[in-house]
Each structure stands twice: as structure tokens, then as C-alpha cells.
Amino acid sequence: MEPFELICPAGNPAALRAAVDAGADAVYLGFRDETNARNFPGLNFSREDVAEAVAYAHARKVQVFVAINTYPQAGNLAPWQRAVDDAARLKADAVILADVGLLDYAARRHPDLRLHLSVQASAANVEAIRLYRDAFGVRRVVLPRVLTVPDIARLNAEIDIETEVFVFGGLCPMAEGRCSLSSYATGLSPNKQGVCSPASHVRYEPRGGDLASRLGGFTINIFGEGEQAGYPTLCKGRFVSHDTPAYLFEEPTSLNAMELLPELKAAGVRALKIEGRQRGKAYIATVVAAYRRALDAFAKGQAVPKLDLDAMVEGGTQTTGAYKRAWR
Amino acid sequence: MRDPGMQTDEPTDDDRARAVEVNLTRAGLRLARQLGDGLGGLLFDRLFRILADRHPRAFAALVELPDARLLIDPVDAPAALLLRVGPQLALRVSERDAQADATVRGPCGRLLDLLEGRIDGDALFFRRELTIEGDTALILALRNTLDGEEMDLFADVATAAGPLRHALPVARRNAGRVLRLLDTAHRLAPPPLRWGLAALERRVAGPRREA
Ligand code: SF4
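About the thresholds
- Residues numbered from 1 in each chain as written.
- Chains lettered and ligands numbered in written order.
- Predicted model: local features only at pLDDT ≥ 70, side-chain atom pairs only at ≥ 80, totals over all residues.
- Heavy atoms only, no water.
- Near = heavy atom within 4 Å.
- Nonpolar A, V, L, I, M, F, W, Y, C, P; charged D, E, K, R; others polar.
- Pairing = 2+ DSSP bridges.
- Helix = DSSP H or I, 4+ residues; strand = E, 2+ residues; numbered from the N terminus.
- Axes fitted to C-alpha atoms, helices over the stretch in contact; angles between N-to-C directions.
- Contact = heavy atoms within 4.5 Å.
- Buried area = accessible area lost by both parts, 1.4 Å probe.
- Salt bridge = Lys/Arg side-chain N within 4 Å of Asp/Glu carboxyl O.
- Polar contact = N/O pair within 3.5 Å; in protein donor to acceptor, adjacent residues only side chain to side chain.
- Domains from an automatic or database assignment.
- Buried < 20%, exposed > 50% of the residue type's maximum accessible area, 1.4 Å probe, protein only.
- Right-handed = clockwise from strand over helix to strand, strands pointing away.

Turning next to the site of the ligand. Neighbouring the ligand are the residues A:Cys172, A:Pro173, A:Met174, A:Cys179, A:Leu181, A:Pro190, A:Cys196, A:Thr233 and A:Cys235. Of the residues in the shell around the ligand, the class split is eight nonpolar, one polar and no charged.

Written out as C-alpha cells, the structure is:
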């Protein structure tokens with residue numbers, strides 16, 4: 001039985017080293033611009049950083065994937081094409097792309113470069129995935145976080161390219177690459193500018209013991225004293241409906257699918273992905289080490305150790321997300 | 001960094017050493033406030049030069065930020081710090097109510113953990129151990145820049161301290177061990193001896209040792 005591949009995030013060179021040292025099989029990262037979906041201030045890699053990262057990772061037999069997974073602006077393709085060219089030149093093991101134009105460019109210009117389809121492409125059915133394989137030679141698809149495990153099993157039975165699924169971290173509950181909530185509130189979106197709910201439009205206001213979070217001038221949540229807080233995204237906003245404040249889309253919670261390793265293996269999943277390029281290296285080291293330990297135990301047929309990752313997660317709670325529940 | 005599978009309520013040697021560092025930091029802030037802007041400012045400039053030598057990439061990034069002031073408020077320390085980022089990068093001791101573009105508030109130990117990347121800022125924020133106000137992008141830029149470094153404030157300063165350079169990390173490691181031995185002795189000792197040990201412990205860790 002082929003072991004799962006563990007794909008880990010890195011938002012900076014120190015986080016990359018932490019991920020490699022903690023047992024990642026591959027690390028994914030982005031350049032310091034709008035070409036990737038974690039375009040946060042102070043985050044990401046210069047070209048020199050990527051060269052050093054690749055050298056560090058390859059010396060330890062760990063792969064590096066470069067995420068170039070936003071949609072190029074009309075009439076301004078150059079930064080995205082340059083990102084693909086540089087990833088190939090810097091010897092990345094794969095690029096993670098979402099846009100069909102960019103996939104086409106990469107397939108023609110760099111036929112030897114391994115192409116992965118980003119979750120941002122939201123390819124969730126057999127026809128879409130076959131199209132990406134046939135048209136561009138995509139070798140792996142990162143599945144959107146809206147599928148159940150039986151959905152994934154059915155999909156894998158009908159396609160012949162690898163699938164990668166998220167197992168830990170922040171949840172994007174909408175169909176990824178299609179969500180316009182951030183654009184609505186701020187004019188900026190993860191799909192084009194690479195950032196959902198950009199920090200420039202976020203304000204936190206302590207109100208007595210409460211904490212109000214505001215996005216683009218809208219108050220989207222008020223956390224009571226002692227209540228765990230979450231990211232300031234509209235999908236996890238708490239709104240008053242019929243006089244009752246409630247989470248309408250999703251509660252502040254994080255994905256943790258560690259208990260589903262046997263089901264994911266049976267469903268034919270090749271690689272497991274940890275979310276969190278925006279997180280600090282302490283998160284990366286802790287979560288990657290926990291998953292490494294779990295995967296090693298699982299590969300040996302031993303019981304998966306129960307590891308406490310509560311302290312790391314949004315809202316202080318964990319969920320198996322759509323994997324285990326019927327979609328609302 | 002703690003192994004998630006090995007969590008216990010027992011403070012580790014590292015926790016104990018950190019308690020010593022927190023007390024040193026508090027004492028440093030008190031001293032800097034007493035020295036005032038002149039001499040205190042010189043001390044901070046020296047500290048900044050040491051850190052800039054060790055972490056040129058991070059300091060270059062901080063200089064490139066637009067001019068802005070960030071108030072760093074360790075709520076359990078005698079004073080706060082005002083960090084000016086941008087071309088006139090500087091750090092000064094400050095009152096807690098100083099005007100700033102953004103404010104980060106939290107316990108001194110947590111802020112040190114954050115500075116050195118020992119803890120994840122988002123996790124601290126989720127748990128409400130950290131309060132942030134004002135320009136969120138500025139705070140994020142600073143956090144991400146510092147997290148990209150492998151910074152160890154006390155070791156960095158020790159490295160610059162010439163002959164002390166090997167002594168400080170060893171002293172810090174041993175402080176953790178000594179405090180652990182004291183803890184054990186404390187638990188096993190009869191009450192009168194326990195009071196004596198408590199007094200000794202306070203002298204090693206400072207008056208407000210946190211476990
Ligand atoms: S608003 Fe929520 S669902 Fe939409 S992109 Fe942001 S995190 Fe994802």
C-alpha cells in the first residue's frame with residue numbers, strides 16, 4: 001500500500017524549514033505577489049528565497065510545489081507567466097494552477113513541469129477533471145472541500161490522475177474560486193488579488209470585554225468575553241436573522257480529518273494537505289509533526305495516536321467538514 | 001516548541017527559563033523608563049543594531065514599510081514599547097496610552113514567544129490572549145516579517161556580548177534546571193523548609209515568576 005504524501009504549507013523560509021524538519025513530503029509556497037491565494041503583507045517568498053527553499057528541501061528529499069493559483073487580470077498576464085517560468089527555472093517539483101489560460105501556457109512552455117490543479121479551480125466532477133488532464137496534462141487535482149468521502153471514492157474510481165485533499169486547517173466553505181463575499185465587502189478577492197478579507201480592510205475593536213470584528217466597514221462578529229475568536233471572513237460572520245444572532249454559513253472552526261485516514265485511503269486519495277501558509281512557523285511545526293506521527297502509525301497498521309491540536313485552531317473547535325456530513 | 005502529543009501541566013525547563021526571561025524583560029523595561037529617552041533610547045538603538053546585524057533580511061523589510069507607529073503593550077510589564085517602522089525605524093519605551101497606528105496587547109511572555117516565533121499569532125488571537133487594534137495590515141506585516149526569522153532575543157544579544165556569548169544560553173538553560181530542582185524540592189520539603197525554598201526561588205526567578 002503506497003503511503004499518503006503529506007503536503008505542508010510555508011509562508012516564509014523559516015516556516016519551510018520547520019515543515020521539512022517536522023516530516024513534510026512536500027511543501028507548497030507562493031511568490032511575494034498577487035499570483036497566489038495568500039498574498040498577505042510580509043508573507044511569501046522572493047525568487048532568491050525559493051531557490052534557497054528548493055535547495056534545503058531537495059537536500060532532504062522533500063519536494064517543493066509553487067502555488068500560482070489566482071486568476072490573472074485581463075490584459076496583465078505577465079506576472080503570472082513570469083511566476084510559472086521562474087518556478088520551472090528554480091526547479092520546483094510542481095506548480096499548482098487554477099486558470100485555464102495559465103495551465104495552457106505552462107503546458108506549452110514547460111512540457112516537463114508537473115501540473116497540479118489548485119483547489120481554486122473547484123474541479124469537483126469527473127468531466128471537469130478529465131478535461132484538465134486531457135487538455136493540459138494535469139497530474140494531480142486538489143479537491144474542493146465540499147465533497148463527502150463517498151463522493152471522493154466515486155470520483156477516484158472514474159479518474160486516473162492523483163487526488164489531494166485538505167485534512168487540516170481553515171475552511172473555505174463555499175465552492176472555492178467562485179466566492180465573492182470578500183469582493184462584496186472590500187472590493188478585493190482571493191481569486192484575483194490573492195487575499196480573502198484583506199487585513200487592510202479589517203479592524204478589531206475591543207468593546208468592554210467583547211471584541212468586535214469589522215470588515216470593510218461592516219461589523220461581522222462580536223465575540224463575547226472569553227469566547228474564542230475566528231478569522232474575519234464573511235462566511236464566518238455572525239448575523240442577526242429573525243432577531244437572533246447566528247452563524248449563517250459556517251462557524252469559526254477548523255478542519256481536522258485525522259480520524260478519517262482509513263476512509264480516505266480506501267477512497268483512493270494520494271496526498272493529504274495541511275492548510276495555513278498564513279500561519280506562523282510554530283503552527284507548522286506542531287501540526288506537521290502531529291500528522292507525520294499519525295501517518296507513520298497508520299502506514300504501519302498501528303492505531304493513530306490521539307493528538308491534541310485544539311490550541312492551534314480557529315474558534316477552538318475542529319470538524320471533519322463536508323467529508324462526513326451531508327451538504328446543507 | 002511543545003510536542004502536541006506530550007502536553008502536560010508540568011512546566012518544562014523551557015517554560016522555567018522563559019519565566020526568567022520575562023522577568024529580565026520587565027526589569028529592562030523598568031530600567032529603560034527610568035533612564036528616559038536619552039540613555040534609554042541609546043540602549044534601544046544598540047539592541048536594534050545587534051538584532052539588525054543578526055537578521056538583516058527582516059530589518060530591511062521593516063525599513064521598507066510605510067512610516068507608521070506600533071504600540072506593543074505587555075500588559076504585565078511596567079511600560080510599553082513604541083516601534084516606529086519605515087525609513088526611520090526605531091524602538092522606544094513608551095506609556096501605554098501613547099498614540100499609535102496600531103496596538104498589540106498581551107502578556108509579556110506571550111509577546112516574547114511571538115517575537116521569537118515559538119507560538120502562532122493566529123492561535124493566540126483565537127484564544128483571545130492577544131488583543132489587536134488599529135491598522136491590522138501593519139500588525140500582520142510585522143508578525144509575518146518576524147516569523148520569517150529564527151530570532152532568539154536573548155541568544156542574539158548574548159552573541160553580541162563578546163565573552164558572555166557562551167555564558168548566557170548556558171545560564172538560561174541552567175536557570176530552567178535550577179528552578180525545576182527547586183520545584184521538586186519544594187513539593188517534597190516539610191513546610192518550614194518550603195518557605196525558605198520559596199524565598200530562594202523568588203530570587204532566581206524574580207518576584208513575579210509565572211509557571
Ligand atoms: S469568504 Fe469564506 S468561503 Fe469565501 S473565499 Fe473567504 S474564506 Fe472562502
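After that view, the rundown keeps rolling.
What follows is about the sheet that holds strand S1 (residues 68-74) of chain B. Residues and elements named next belong to chain B. Overall, mixed pairing links the five strands, which are arranged S3-S2-S1-S4-S5 in an open sheet. Edge positions in the sheet fall to strand S3 (90-94) and strand S5 (131-134), since each of these pairs with one other strand and no more. If you compare each strand with its neighbour and ignore which way they point, the axes differ by 20 degrees on average. As paired strands, S1 and strand S4 (residues 102-106) are joined by five bridges and run parallel to one another. Bridging across to S4, Ile72 finds its partner in Val104. This element, helix H1 (residues 13-54), spans S1, strand S2 (80-85) and S3 of the sheet and lies at about 170 degrees to S3.

Another point: the interface of chain B and chain A. Contacts between the two partners involve 35 residues from chain B, matched on the other side by 45 residues from chain A. Carbon and sulfur atoms make up 53% of the surface buried where chain B meets chain A, a total of about 3,000 Å² over both sides. Where chain B meets chain A, there are five salt bridges. Counting across the chain B and chain A interface gives 16 residue pairs in polar contact (both at pLDDT 80 or more). Top element by residues in the side of chain B that touches chain A is helix H5 (residues 136-147) of chain B. It accounts for nine residues. Its residues assigned to classes, the side of chain B that touches chain A comprises eleven nonpolar, nine polar and 15 charged.

Residues and elements named next belong to chain A. Looking at chain A, the domain boundaries give domain 1 (5-171 + 253-324) and domain 2 (181-247). Computed from C-alpha atoms alone, the centre-to-centre distance between domain 1 and domain 2 is 26 Å. Listed per partner, the contact involves 19 residues of domain 1 and eleven residues of domain 2. Of the roughly 1,200 Å² buried at the junction of domain 1 and domain 2 (both faces included), carbon and sulfur atoms supply 45%. Counting across the domain 1 and domain 2 interface gives zero salt bridges. At the junction of domain 1 and domain 2, the tally comes to seven residue pairs in polar contact (both at pLDDT 80 or more). Of the residues assigned to the side of domain 1 that touches domain 2, the class counts are six nonpolar, nine polar and four charged.

All names here are of chain A. Here strand S4 (residues 94-97) shows a buried face lined by Ala94 and Ile96 and a second buried face lined by Val95 and Leu97. In this fold, strand S3 (residues 63-68) hands off to helix H3 (residues 78-89), which returns the chain to S4; that crossover is right-handed. In this sheet, strand S5 (residues 115-117) lies alongside S4 in parallel orientation, the contact comprising three bridges. The residue of S5 that forms the bridge with Val95 is Leu115. Assessed by its sense of winding, the connection that carries the chain from S4 through helix H4 (residues 100-109) to S5 is right-handed.

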